[in-house]
Amino acid sequence: ETELPAVVPRGRGEFETVLVLAIRLDDTRIGDPGLEIPAAVMAEVDQIVRSIRLVTTSAYAIQYQDWESVNNREYGFTLRYPEGWTPRESANLIRLRRDDLTLTIGYRTPDEALDLLGVLPDGRWEGRAEFGFQGNEEWPVARQVILNEGRVRAVTYTYQGRPELPAMIWVERDVYETELLFTVRLDDTRMDVATIDIPEEVLVEADLIVASIRLWRASPYEVIYEGWEPYDNPENGFALRYPPEGWTLREDPNFVQLRQGGLTLTIGYRQPDEVIDLLGVLPDGRTETRAVFEFQGDEERRITRRVILAGERVRGVFYVEAGGGEIPGQVTVPGRQRQDPTLETTLLFAIRLDDTRMDVGNIDIPEETMAVADLIVSSIRVRDVR
């Protein structure tokens, strides 16, 4: 297709096209039939096209545009509250007060042992509303009211029947990790308990306050690679990140090369049924393991950085998994039962780092460059393109 859809997320795995782009590059000179646009110019244009980002006003921004915010820097989250509520913060608690009403939001990490909810008043429990937590309808939070002779005496919120609301971050391939746990209750602090009846409009505002909670940390991946340039290969179904300064990217069939000065990180890739020598001939020398790290965000998959030494100088670097020369890029596919997924290899990678200068006797690839190369390799993500 010649038109490029610019999409925005509308839910986990769901996107909506909000703009359609058409892009062309022309040489506007007249009368020279031998005109040819240089490859270097086309590479620059590729980078310009890749840089396109939508600036959208999200539903969240519209919903809470006139609301104030509480930003907790220690635990890394934000919530919003409307006019008429006054916040007060203490250790692991935020109290929002409106007249005699107090909305108490407790928070803790999974390894903190704290009772943040306290003792709830007696009464009959009833579910009155349900909404998505952290903007995700697949994580429904229920508003539970505590009734005294039909009057709403207090309110709490539950997730799948539990009194703590898990605030989760995306890790990888439909895997989420609980970052924080929240407890929320709404009470009328007047002494005359028999007359307490929290009005519906206050309950709705409390729902919106709870729904406004957002973690700052979207995922460990985004934290590590914040500000790095993205490279995406949609045809073969993989992506990676590389530093925005000092590294330049070049694409060839079955290869991505990232260059920094005289150093070249070469990432070769092939389909399992392609017969291509991706690694090539490595320089002579003694090999030694210098680093081990995870691949594709999977802690169970370990990649080894092997260095090739000339004396004590690092002459070259290559990466292996379990001793093999090629690294399988895998995707999760359903098994016969939904809870029994399997891994399928859709790509094979061969990765090496070389110093291309002619003065071989003085080559010594620095550790800081190898550490950056490790991060680039670790950033590779493979997806199913079938």
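Residues numbered from 1 in each chain as written. Predicted model: local features only at pLDDT ≥ 70, side-chain atom pairs only at ≥ 80, totals over all residues. Heavy atoms only, no water.

Whenever I open this one, the overall build of the protein chain confuses me. Can you help?
Counting its regular elements, the protein chain contains 5 helices and 24 strands. Sorting the 386 residues of the protein chain into buried and exposed places 40% on the buried side. Only carbon and sulfur atoms are counted for the fraction: they give 49% of the accessible area of the protein chain, which is about 22000 Å². (Helix = DSSP H or I, 4+ residues; strand = E, 2+ residues; numbered from the N terminus. Buried < 20%, exposed > 50% of the residue type's maximum accessible area, 1.4 Å probe, protein only. Areas by Shrake-Rupley, 256 points an atom, 1.4 Å probe, with all protein chains shown as cover.)

Would you mind going over the packing of aromatic side chains with me for this structure?
The description of an aromatic ring pair uses the distance of the two centres, along with the angle that the planes make with each other. Within this structure, the stated rule accounts for 12 aromatic pairs. Ring geometry for F133 versus F182: centroids 6.3 Å apart, planes at 75°, classification edge-to-face. Of this pair, F133 sits in strand β8 (residues 124-133) while F182 sits in strand β12 (residues 175-188); the two residues are 49 residues apart in sequence, bridging distant segments of the chain. What makes F182 buried here is its relative accessible area of 0%. Aromatic pair F295 and F349: ring centres 6.3 Å apart, planes at 80°, arrangement edge-to-face. Separated by 54 residues along the polypeptide, F295 in strand β19 (residues 286-295) and F349 in strand β23 (residues 342-355) bring together distant segments of the chain. For the residue pair F295 and F349, the accessibility class agrees, reading buried in each case. The structure contains a cluster of three or more aromatic residues connected by ring pairs, namely Y75, F77, Y107, F133 and F182. (Phe/Tyr/Trp six-rings, centres within 6.5 Å; stacked < 30°, edge-to-face > 60°.)

What is the right way to read the sheet that holds strand β4 (residues 77-81) from this model?
The strands that make up a sheet are held in pairs by hydrogen bonds between backbone atoms, and each pair lies either parallel or antiparallel. Here 3 strands make up an open sheet; going across it, the order is β3-β4-β13 and the pairing antiparallel. In the strand order of this sheet, the two ends are held by β3 (68-72) and β13 (214-215), each with one partner. (Pairing = 2+ DSSP bridges.)

Help me out: how do you make sense of the sheet that holds strand β14 (residues 229-233) in this one?
Pairing within the open sheet is antiparallel, and its 3 strands lie in the order β14-β15-β24. Lying at the two open borders of the sheet, with one neighbouring strand each, are β14 and β24 (381-382). The pairing of strand β15 (residues 238-242) with β24 spans 2 bridges and is antiparallel. Across the sheet, residue A239 finds its bridge partner in β24, namely R381.

How do you make sense of the environment of T178 when you look at a structure like this?
Residue placement: T178 occurs in strand β12. Judged by its relative accessible area of 29%, T178 falls in the partly exposed class. Setting aside residues up to four positions removed in sequence, T178 forms contacts with P110, P166, A167 and M168. (Contact = heavy atoms within 4.5 Å.)

I'm lost on the pattern of salt bridges in this one. Help?
Opposite charge on two side chains allows them to pair when their charged atoms are near. Counting across every chain of the model gives 18 salt bridges. Residue R24 pairs with D26 through a salt bridge whose shortest N-O separation is 2.7 Å. Between E200 and R143 there is a salt bridge whose closest N-O contact spans 3.6 Å. Separated by 57 residues along the polypeptide, E200 in helix α3 (residues 200-211) and R143 in strand β9 (residues 136-148) bring together distant segments of the chain. Residue E200 is classed as partly exposed on the basis of its relative accessible area, which comes to 42%. By relative accessible area, R143 is classed as buried at 2%. Through salt bridges with shared partners, one network takes in R286, E288, R290 and E312. (Salt bridge = Lys/Arg side-chain N within 4 Å of Asp/Glu carboxyl O.)

Looking at this structure, I do not really get helix α5 (residues 367-378). What am I missing?
Every α-helix winds through 3.6 residues per turn, so residues three or four apart in the chain are directed the same way. Here α5 spans 16 Å end to end across 12 residues, near enough to the 16 Å set by a 1.5 Å rise per residue. Inspection of α5 places T369, M370, A373, D374, I376, V377 and S378 among the buried residues, and these make up the whole buried set. (Expected span 1.5 Å × (residues − 1).)

Mind showing me how you'd approach the nonpolar core here?
Nonpolar side chains tend toward joint burial in soluble globular proteins. Grouped together as the largest cluster of nonpolar side chains are 42 residues, with contacts concentrated most on F182 and L186. Tallying contributions element by element places α3 first for this core, with 6 residues. The contacts of L186, once residues within four sequence positions are left out, are W85, L101, T102, L103, A154, V155, I198, V202, L203 and A206. Within the second largest apolar cluster, 35 residues are counted, among which are Y231, L249, V256 and I327. (Core = buried A, V, L, I, M, F, W, Y, C linked by side-chain atoms within 4.5 Å.)

Please clarify how the side chain of D355 should be interpreted in this entry.
As for its position among the elements, D355 is in strand β23. With a relative accessible area of 10%, D355 lands in the buried category. A polar contact of 2.7 Å, which involves the side chain of D355, links it to the side chain of R357. If we skip the residues at most four places from it in the chain, D355 touches G262, L263, I363 and I365. (Polar contact = N/O pair within 3.5 Å; in protein donor to acceptor, adjacent residues only side chain to side chain.)

Which parts of the structure should I look at to understand the side chain of S212?
Take S212: it is sitting in the loop between α3 and β13. Residue class for S212 comes out buried when judged on its relative accessible area of 0%. A distance of 2.6 Å separates a polar side-chain atom of S212 from the backbone oxygen of I209. When near neighbours in sequence (up to four residues on either side) are disregarded, S212 contacts Y60, Y64, T78, L79 and R80.

What is the right way to read the pairing of strand β7 (residues 101-108) from this model?
Taken residue by residue, a regular strand's side chains alternate between the two faces of the sheet. By the criterion of burial, β7 is predominantly enclosed, with 8 of the 8 residues buried. Judged by which residues are buried, β7 turns out to be covered on both faces: L101, L103, I105 and Y107 on one side and T102, T104, G106 and R108 on the other are all buried. Pairing analysis gives 6 bridges linking strand β6 (residues 93-98) to β7, with the strands arranged antiparallel. The residue of β7 that forms the bridge with R97 is T102. Taken together, β6 and the strand that follows it, β7, pair antiparallel across an intervening segment of 2 residues, in which D99 is found at a positive phi of about 55°.

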